Amino acid sequence: MNNIKKNRLLDQVFKFWGIACTFLGLILLTIFIGSIFVDGIQRIDWDFITSLPSRKAERAGIFTALMGSVWILVLTTIIALPVGIAAAIYLEEYAKESKMASLLEVNISNLAGVPSIIYGLLGLEVFVRILEMGASILAGSFTLALLILPIVIVSTRESIKAVPKSIRDASYALGASKWQTISQQLLPASFGGILTGIILALSRAVGETAPLIVIGALAYVPFAPASPLDEFSVLPIQIFNWISRPQHGFEVNAAAAIIILLLITFVMNGIAVYFRNRWQSKLK
Amino acid sequence: MKEKKDTIDKSLKRKHKLQAKEVKVFYDDFKAIKGIDMNIRANKITAFIGPSGCGKSTFLRLFNRMNDYVDGFRMEGEILIDGENIYKKKVNVEQLRKQVGMVFQKPNPFPKSIYENVAYGLKIQGIKDKNYLRDKVEDSLKQVGLWSEVENDLNKSALALSGGQQQRLCIARTLAVEPSIILMDEPTSALDPISTAKIEELIYELKEKYTIVIVTHNMQQAGRLSDYTAFFYMGELIEYDKSKKLFTNPEKQQTENYITGRFG
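From a predicted model like this one, the values you see are computed outputs, not experimental measurements.

1. Brief notes about the overall build of chain A
- Helices and strands together make up the secondary structure of chain A, namely eleven helices and zero strands.
- Listing each helix as α and each strand as β along chain A from the N terminus yields α-α-α-α-α-α-α-α-α-α-α.
- Within chain A, residue pairs in contact and separated by at least 24 positions form 74% of the contacts whose partners lie at least 6 positions apart.
- Roughly 15,200 Å² of accessible area belongs to chain A as shown, and the carbon and sulfur atoms make up 69% of that amount.

Below, the structure written as structure tokens:
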């Protein structure tokens with residue numbers, strides 16, 4: 001009897017401890033976002049989004065940085081997507097048992113943990129210097145693609161793994177080849193999960209600063225980039241630059257730019273959640 | 001003289017659709033099948049019975065090489081279909097599986113439409129003719145008695161069907177590829193009695209055109225449905241005979257113990 005009471009008490013204690021822990025993170029995040037909003041929301045208007053950078057805080061806008069971020073996002077997707085998915089398919093479906101595969105697996109997991117600035121150094125040497133891309137959008141995109149590749153590979157593998165074995169069995173039993181089974185059953189069935197992983201990886205990429213600074217992305221670019229070989233800035237670098245200035249006006253600008261950046265990542269995560277739910281309900 | 005021998009061989013081949021010769025199967029160090037010789041007749045229903053883990057499913061999956069994907073699988077001996085060893089190097093496994101269809105324990109329709117499920121096996125062969133596909137889908141669904149139930153819902157998800165309907169869909173999907181042999185791995189164990197009765201009736205009709213091998217845990221099912229029954233125990237084929245004989249007057253004590261429910 002005594003024991004049961006003790007267990008119940010423990011149960012309750014742990015429950016409240018869990019609630020407190022959950023809310024700790026949420027509350028801190030709310031405070032942070034709240035204060036940013038208070039600082040920056042009145043600065044956001046159409047002009048702020050469409051204006052070029054300026055020495056005067058009240059005239060400066062995020063247009064070039066925003067366009068830089070969009071360019072980077074699109075090119076990074078184009079580069080990382082086919083490579084990451086193909087690598088995941090190879091590891092999951094073709095190379096399952098070999099020693100080489102387990103070696104690759106360990107390495108990919110390790111790569112996911114490498115600090116992003118190291119990727120910046122790699123990008124600087126390989127893309128900017130050896131391949132002579134310069135401090136261009138292309139070099140930045142390749143660097144970020146490398147950075148998110150491990151995440152794309154791991155999440156794609158998980159999604160493919162989650163397709164029930166019975167689907168593979170059915171496909172093989174009807175005389176499908178491996179590639180037919182992959183392309184017509186496994187990929188469509190795991191599409192939602194793969195997409196979710198990719199969007200989450202990209203929303204990480206859009207917030208990366210360090211590797212892009214290392215490869216030579218600029219804080220001040222007078223015009224929006226027009227081709228992949230142009231110089232560029234991105235939102236996080238713009239924010240970083242503004243915050244380091246002494247004038248109060250730029251602090252407000254930084255807060256406003258942070259709101260835009262948060263908005264972009266929230267929207268991307270929202271899309272990821274939407275697709276996940278949609279494909280889950282489709283599979284049921 | 002030689003000619004005569006050839007014709008005898010040929011008729012034997014026709015009678016013995018599937019043959020196993022000294023088949024042994026290993027999963028790493030575990031010996032799952034310990035040397036089985038067996039001939040399975042064409043256009044008959046042959047049931048495999050035996051307690052869980054006796055190797056009957058493993059043995060069944062040898063005939064369409066579905067064990068090939070299992071980690072640590074290794075096989076000795078020969079499996080012949082129409083006299084051809086299907087484990088020879090140059091055998092095209094995809095081609096083999098078009099000839100040897102399989103229905104699984106749990107209904108496993110693809111998360112696609114009913115139409116796509118049935119057409120899949122043909123589409124992967126490169127058949128694109130819409131009219132042909134449509135006819136084939138209709139034909140296959142009619143064979144399993146599902147057509148009248150789904151003819152207006154062909155584009156709906158197969159996952160919306162009931163368990164019994166799903167299993168008949170899976171059989172239709174198999175028939176669409178026009179195999180000559182159908183392997184069934186406990187096809188009714190996940191279904192209610194009414195669906196089970198429907199599937200059994202269907203299987204019985206199918207034996208006219210197909211050679212059917214069915215693994216089952218249900219003694220009554222094996223008794224009512226099959227022409228021949230094989231009793232497996234611990235990776236060995238204990239007894240194999242006409243079902244009537246095996247269920248009424250088994251030769252071996254182990255078989256009798258099993259079918260009367262004294263163990264297993």
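2. Digging into the layout of surface pockets
- Considering only enclosed or pocket space, the largest pocket measures out at about 440 Å³ in volume.
- What lines the largest pocket is a set of 17 residues, and nearest its centre among them are Lys96(A), Arg168(A), Tyr69(B), Val70(B) and Asp71(B).
- Of all the secondary structure elements, the ones that give two or more residues to the lining of the largest pocket are α3 (63–94) and α7 (165–173) of chain A.
- Looking at which element gives the most residues to the lining of the largest pocket, the answer is α7(A), with four residues.
- Here the lining of the largest pocket is composed, by residue class, of five nonpolar, one polar and eleven charged.
- Considered as a void within the structure, the second largest pocket measures approximately 270 Å³ in volume.
- Pro164(A), Ser166(A), Lys106(B), Pro107(B) and Asn108(B) are the residues nearest the centre of the second largest pocket, which is lined by 15 residues in total.
- In the lining of the second largest pocket, the residues fall into eleven nonpolar, three polar and one charged.

3. Quick word on the sheet that holds strand β8 (residues 211–215) of chain B
All names here are of chain B.
- Spatially, six strands are ordered β6-β7-β8-β3-β9-β10 in an open sheet, and the strand pairing comes out mixed. Here the strands that pair on one side only, and so sit at the sheet edges, are β6 (100–103) and β10 (236–242). Taken pair by pair, the neighbouring strands of this sheet meet at an average axis angle of 15°, ignoring direction.
- As judged from the five bridges shared by strand β7 (residues 181–185) and β8, these two strands associate in the parallel manner. From the neighbouring strand, Asp 185 faces β8, where its bridge partner is Val 215.
- Helix α8 (residues 193–206) rests against β3 (45–49), β7 and β8 of the sheet, and its axis sits at about 145° to β8.

4. Focus on the side chain of Thr255(B)
Residues and elements named next belong to chain B.
- Within the element layout of this structure, Thr 255 appears in helix α11 (residues 253–259).
- A polar atom in the side chain of Thr 255 sits 2.8 Å from the side chain of Glu 239.
- If near-sequence neighbours (up to four positions away) are discounted, Thr 255 is found in contact with Phe 231, Ile 238, Glu 239, Leu 246 and Pro 250.

5. Let's talk about the domain arrangement of chain A
Residues and elements named next belong to chain A.
- For chain A, the assigned domains are domain 1 (2–43) and domain 2 (49–283).
- Put simply, the middle of domain 1 and the middle of domain 2, counted by C-alpha atoms, are 31 Å apart.
- On the domain 2 side, the residues contacting the eight residues of domain 1 number twelve residues.
- In total, about 740 Å² of surface goes out of reach between domain 1 and domain 2, with carbon and sulfur atoms giving 78% of it.
- Contact with domain 2 buries surface across domain 1, with Ile 33, Ile 36 and Arg 43 losing the most and accounting together for 62% of the total.
- At the surface where domain 1 touches domain 2, the tally comes to zero salt bridges.
- Seen at the junction of domain 1 and domain 2, the total is four residue pairs in polar contact (both at pLDDT 80 or more).
- Each residue belonging to the side of domain 1 that touches domain 2 can be placed in one class, and the counts come to four nonpolar, two polar and two charged.

6. Focus on the interface of chain A and chain B
- Chain A puts 20 residues into the contact, and the matching count from chain B is 23 residues.
- Overall, the association of chain A and chain B removes approximately 1,800 Å² of surface from exposure, summing both partners, and the carbon and sulfur fraction of that is 61%.
- The interface formed by chain A and chain B contains zero salt bridges.
- Connecting chain A to chain B are four residue pairs in polar contact (both at pLDDT 80 or more).
- Of all the secondary-structure elements, those providing two or more residues to the side of chain A that touches chain B are α7, α8 (178–205) and α11 (248–283) of chain A.
- Per-element tally for the side of chain A that touches chain B: the top contributor is α7(A), with seven residues.
- Across the side of chain A that touches chain B, the residue classes tally to eight nonpolar, eight polar and four charged.

7. Considerations on empty space enclosed by the protein
Residue and element names in this part refer to chain A.
- Scanning the entire structure with this criterion turns up one cavity of 30 Å³ or more.
- Within this model, the largest cavity holds a volume of roughly 30 Å³.
- If you trace the largest cavity, you find it lined by Pro 53, Ser 54, Ala 219, Tyr 220, Gln 238, Asn 241, Trp 242, Arg 245 and Phe 250.
- It is helix α10 (residues 235–243) that provides the largest number of residues to the lining of the largest cavity, a total of three residues.
- Looking at the lining of the largest cavity residue by residue, the class counts come to five nonpolar, three polar and one charged.

8. Section: the sheet that holds strand β1 (residues 16–27) of chain B
All names here are of chain B.
- Spatial strand order, β2-β1-β4-β5: four strands in an open sheet with antiparallel pairing. Of all strands in the sheet, those bounded by a partner on one side alone are β2 (30–41) and β5 (84–85).
- Here two bridges tie strand β4 (residues 73–81) to β5, and the two strands are oriented antiparallel to one another. Bridge assignment links Ile 81 to a residue of β5, and that residue is Glu 84.

9. Some remarks on α8(A)
- The end-to-end C-alpha separation of α8(A) is 33 Å, well short of the 40 Å expected for 28 residues at 1.5 Å each.
- Approximately 60° is the largest bend angle found in α8(A), and it occurs at Phe191(A).

10. Structural notes on unusual backbone geometry
Residues and elements named next belong to chain B.
- The phi dihedral of Asp 28 is positive, around 50°, even though this residue is not glycine.
- Looking at the secondary structure, you find Asp 28 in the loop between β1 and β2.
- On the basis of relative accessibility, which here comes to 53%, the residue Asp 28 falls in the exposed class.
- Of note in the backbone geometry, Glu 186 takes a positive phi value of approximately 45° without being a glycine.
- Take Glu 186: it is sitting in the loop between β7 and α8.

Cut-offs and rules
- Residues numbered from 1 in each chain as written.
- Chains lettered and ligands numbered in written order.
- Predicted model: local features only at pLDDT ≥ 70, side-chain atom pairs only at ≥ 80, totals over all residues.
- Heavy atoms only, no water.
- Helix = DSSP H or I, 4+ residues; strand = E, 2+ residues; numbered from the N terminus.
- Contact = heavy atoms within 4.5 Å.
- Areas by Shrake-Rupley, 256 points an atom, 1.4 Å probe, with all protein chains shown as cover.
- 1 Å grid on protein atoms, 1.4 Å probe; cavity = no way out; pocket = protein on both sides within 12 Å on 5 of 7 lines; lining within 4 Å.
- Points joined across faces, edges and corners; volume = space filled by probe spheres on them.
- Nonpolar A, V, L, I, M, F, W, Y, C, P; charged D, E, K, R; others polar.
- Pairing = 2+ DSSP bridges.
- Axes fitted to C-alpha atoms, helices over the stretch in contact; angles between N-to-C directions.
- Polar contact = N/O pair within 3.5 Å; in protein donor to acceptor, adjacent residues only side chain to side chain.
- Domains from an automatic or database assignment.
- Buried area = accessible area lost by both parts, 1.4 Å probe.
- Salt bridge = Lys/Arg side-chain N within 4 Å of Asp/Glu carboxyl O.
- Expected span 1.5 Å × (residues − 1).
- Bend = angle between axes of the 7 residues up to and from the residue.
- Buried < 20%, exposed > 50% of the residue type's maximum accessible area, 1.4 Å probe, protein only.

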